[in-house]
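# Structural characterization, general
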Amino acid sequence: MSAVRAVGVVACLGLGAYAATIILRDPTLYSSIPGMLIWFAGALLLHDLVLFPLYAAADRAIALLPATRVPLVNHVRLPLMGAGLTLLVYLPGIIRQGEPVFQGATGLDQAPYLVRWLWLVAAMVAVSALVWVVRVTRRSAAGG
Amino acid sequence: MRIRWRSPIRGPWLTSVFGLVLLCGLPVVIVTGLLDWVAYGSQPIPADVGLLHLPGFDWPTRPAWLFRLTQGLHVGLGIVLVPVVLAKLWSVIPKLFTALPRHPLRALERFSLVLLVGGILFEIVTGLLNIQYDYVFGFSFYAAHYVGAWVFIAGFVLHVALKLPTMVRSLRSRSLRRELRTPLAETRPEPAGDLVAPDPDPPTMSRRGALAVVGGGTLLLAGLTIGQSVDALRPTALLLPRGRTAPDDFPVNRTFVASGIESAAVGAGWRLDLGALRLTRDELAALPQHTADLPIACVEGWSTQQTWTGVPLRELAALAGVPTPTGATVRSVEEGPFARAELTADQVLHPDSLLALQVNGADLSLDHGFPARIVVPALPGVHCTKWVATIGFSR
């Protein structure tokens, strides 16, 4: 292990620790420290211990789908992934969280987002199903 | 615990493709984010960051769309990279279950992944909540997002330095062109090694399919985000706050009701206080007017371009007896953290910098800052003060 590598590791960890001291420069932020640490820890574990087990389990379930001439797997997987991704990114509007601040900032409410998201998911499911039907039809035609 | 990893396409080449995309994209997100801190001028948040900021410079007024671009990129690129970040985390998850190295320096290297992974996901989560006005976390977004950024930068720099050779070697191990021509039926695992499952399931998706899925996720989010920054595409931002407006209006940033201002304070008795003199709205409207197309661009990444009409700030400075000001302090009728904005000389003297009385040919609405608001080229929207009460030009 080279000395350069050791210096690099220590320097970068030092930078991370120094960054955290920004919080210590402002006494009004002291009461926020536990919250920030909890959210940081939560973010760290979010993928590996929450999202991964969820989508891995869903994927195992998809693998149990009945075998068809044109496999169903990706035609179920893709709309599900699209639904999960958009739910994750646009969650606050969809579940109407933080509505008072939202209204103060925009002058609007969050009423439309859940229905819009459901339509979006429905559209992804419909397109995926349509493509599957087309593939099945073309394969049947090709196979005589 | 012994886990059987099932994916036949997980391997260093695929991980390195995701890594390369992030290596190109994330520096742009980082730099545009740090530029936002500079754009806040003499009022950055958090105020005291020690040495951790870009070299200081006066935020320019040209081009007028500068902040629209930098902050739109910061938020927009940050959103569209979410699928790539998730794909990268998926691709390396077997590493989480490998034993901690004995060598202390190797253990420290492993620990630095806390900064890397915790940092990027903390930034994504707080950023996504902030642009949707969801403050469920209960702490200062600005401070947390800024500190989180530097914690991430520390982990990112180290990770790139340690892994760049591996990434280059892995990318060279397979031809991208050949992968893009390899269908599912011919998809085989990468050669045995790091990340590659020793006993995988049969493939259900080719490598090119996996890249297309991640790319498709990125395009989906891009399509649902671009509308918050492009007026003609606004309704396409289906699920974002700035995809909607009230009928025949453009997006409002902070309503009159939310400002807590009493109606009387912006009624007939309102005066603009320039120190040396006080002007009624009619007197302001009687001054020579200037019209300019200027964007309002907000820290949440959304923006809109409108046609503003009002009195150039430099004319007001001359009226106030300060023809060559070194800057200005603008105060709003509103009280609160964003009720005061400091402008540089350049921002006051730009010919298009306005105390706007009208937008798109009609008097400002209360929500857009009636009786008068500041509009300055390339200035963050939060400093384009609405419901202006006083402007103090400094000598």
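Our structure's up above, just so we're on the same page.
Note that the coordinates shown come from a computational prediction; the quantities given were computed from them, not determined experimentally.

With that settled, the discussion passes to the overall build of chain A. Along chain A, the regular secondary structure elements total 6 helices and 0 strands. The order of helices and strands in chain A, counted from the N terminus, is α-α-α-α-α-α. Projected onto the principal axes, the alpha-carbon positions of chain A cover approximately 75 × 55 × 20 Å. Contacts spanning at least 24 positions in sequence make up 38% of the contacts within chain A whose residues lie at least 6 apart. With 10 positive and 5 negative side-chain charges, chain A shows a separation of 20 Å between the mean positions of the two kinds.

To continue, consider the pairing of strand 5 (residues 327-332) of chain B. All names here are of chain B. Pairing analysis gives 5 bridges linking strand 5 to strand 6 (residues 340-344), with the strands arranged antiparallel. Bridged to Ala328 within strand 6 is Leu343. In the sheet, strand 5 pairs with strand 10 (residues 388-394) via 6 bridges, with the strands oriented antiparallel. Opposite Thr329, over in strand 10, you have Gly392 as the bridge partner.

Moving on, we come to the nonpolar core. A general feature of soluble globular proteins is that nonpolar side chains tend to end up buried together. Among the nonpolar cores identified, the biggest contains 135 residues, and Trp308, Leu316, Leu355, Ile391 and Phe393 of chain B are the most heavily contacted of them. Setting aside residues no more than four positions away along its own chain, Phe393 of chain B makes contact with Leu274, Leu313, Leu316, Ala317, Ala320, Val322, Pro325, Gly327, Ala328 and Val348 of chain B.

Once that is clear, we can look at the packing of helix 2 (residues 33-63) of chain A against helix 3 (residues 73-89) of chain A. All names here are of chain A. The N-to-C vectors of helix 2 and helix 3 enclose an angle of 155°; their axes lie 10 Å apart at closest approach. Taken together, helix 2 and helix 3 sit at an angle that is classed as roughly antiparallel. Regarding helix 2 and helix 3, the two cross each other, and that crossing is right-handed. Only Val73, Val76, Arg77, Leu80 and Leu88 of helix 3 make contact with helix 2, whose side of the interface consists of Leu51, Asp59 and Ile62. Across the contact of helix 2 with helix 3, the residue classes break down as 6 nonpolar, no polar and 2 charged.

In this section: the side chain of Glu179 of chain B. Residue and element names in this part refer to chain B. Tracing the chain through its elements places Glu179 in helix 6 (residues 176-180). Glu179 sits in the buried class, given a relative accessible area of 6%. Among all residues touching Glu179, those that are not within four sequence positions of it are Trp13, Arg174, Arg207 and Arg208.

Turning next to the packing of helix 3 of chain A against helix 7 (residues 207-223) of chain B. Interaxial distance between helix 3 of chain A and helix 7 of chain B falls to 11 Å at its minimum, and their mutual angle equals 45°. Our classification of the angle between helix 3 of chain A and helix 7 of chain B gives oblique. Considering how the two elements wind past one another, helix 3 of chain A and helix 7 of chain B form a crossing that is right-handed. Where helix 3 of chain A approaches helix 7 of chain B, its residues Leu78, Met81, Gly82, Leu85, Thr86 and Val89 of chain A are matched on the opposing element by Val213, Gly217, Leu220 and Leu221 of chain B. By residue class, the composition of the contact of helix 3 of chain A with helix 7 of chain B is 7 nonpolar, 3 polar and no charged.

Right, let's talk about the packing of aromatic side chains for a bit. Per the stated rule, a full pass over the model turns up 20 aromatic pairs over all chains. Ring centres of Trp5 of chain B and Phe97 of chain B lie 5.5 Å apart, and the angle between their planes is 50°; this geometry places the pair in the tilted category. Of this pair, Trp5 of chain B sits in the segment before helix 1 (12-39) while Phe97 of chain B sits in the loop between helix 3 (82-92) and helix 4 (104-131); the two residues are 92 residues apart in sequence, bridging distant segments of the chain. Residue Trp5 of chain B is classed as buried on the basis of its relative accessible area, which comes to 15%. Judged by relative accessible area, which is 38%, Phe97 of chain B ranks as partly exposed. Pairwise contacts between aromatic rings join Trp39 and Phe40 of chain A together with Phe122, Tyr135, Phe137 and Phe139 of chain B into one cluster.

Should their charged atoms come close, side chains of opposite charge can pair. Scanning all chains against the criterion turns up 17 salt bridges over all chains. Of the charged contacts, one joins Glu99 of chain A and Arg96 of chain A as a salt bridge, the two residues approaching to 3.1 Å between their closest N and O atoms. By relative accessible area, Glu99 of chain A is classed as buried at 16%. A salt bridge links Arg281 of chain B to Asp363 of chain B; the nearest nitrogen and oxygen atoms lie 3.6 Å apart. Placement of the pair is Arg281 of chain B in helix 9 (residues 281-286) and Asp363 of chain B in strand 8 (residues 362-363), with a sequence separation of 82 residues. Residues participating in the shared-partner salt-bridge network are Arg5 of chain A together with Arg106 and Glu109 of chain B.

Quick notes on the rules
Residues numbered from 1 in each chain as written. Chains lettered and ligands numbered in written order. Predicted model: local features only at pLDDT ≥ 70, side-chain atom pairs only at ≥ 80, totals over all residues. Heavy atoms only, no water. Helix = DSSP H or I, 4+ residues; strand = E, 2+ residues; numbered from the N terminus. Contact = heavy atoms within 4.5 Å. Lys, Arg positive; Asp, Glu negative; His and termini not counted. Charge placed at Lys NZ, Arg CZ, Asp CG, Glu CD. Pairing = 2+ DSSP bridges. Core = buried A, V, L, I, M, F, W, Y, C linked by side-chain atoms within 4.5 Å. Buried < 20%, exposed > 50% of the residue type's maximum accessible area, 1.4 Å probe, protein only. Axes fitted to C-alpha atoms, helices over the stretch in contact; angles between N-to-C directions. Parallel < 35°, antiparallel > 145°, perpendicular 65-115°, else oblique. Left-handed = near helix turned anticlockwise from the far one by under 90°. Nonpolar A, V, L, I, M, F, W, Y, C, P; charged D, E, K, R; others polar. Phe/Tyr/Trp six-rings, centres within 6.5 Å; stacked < 30°, edge-to-face > 60°. Salt bridge = Lys/Arg side-chain N within 4 Å of Asp/Glu carboxyl O.

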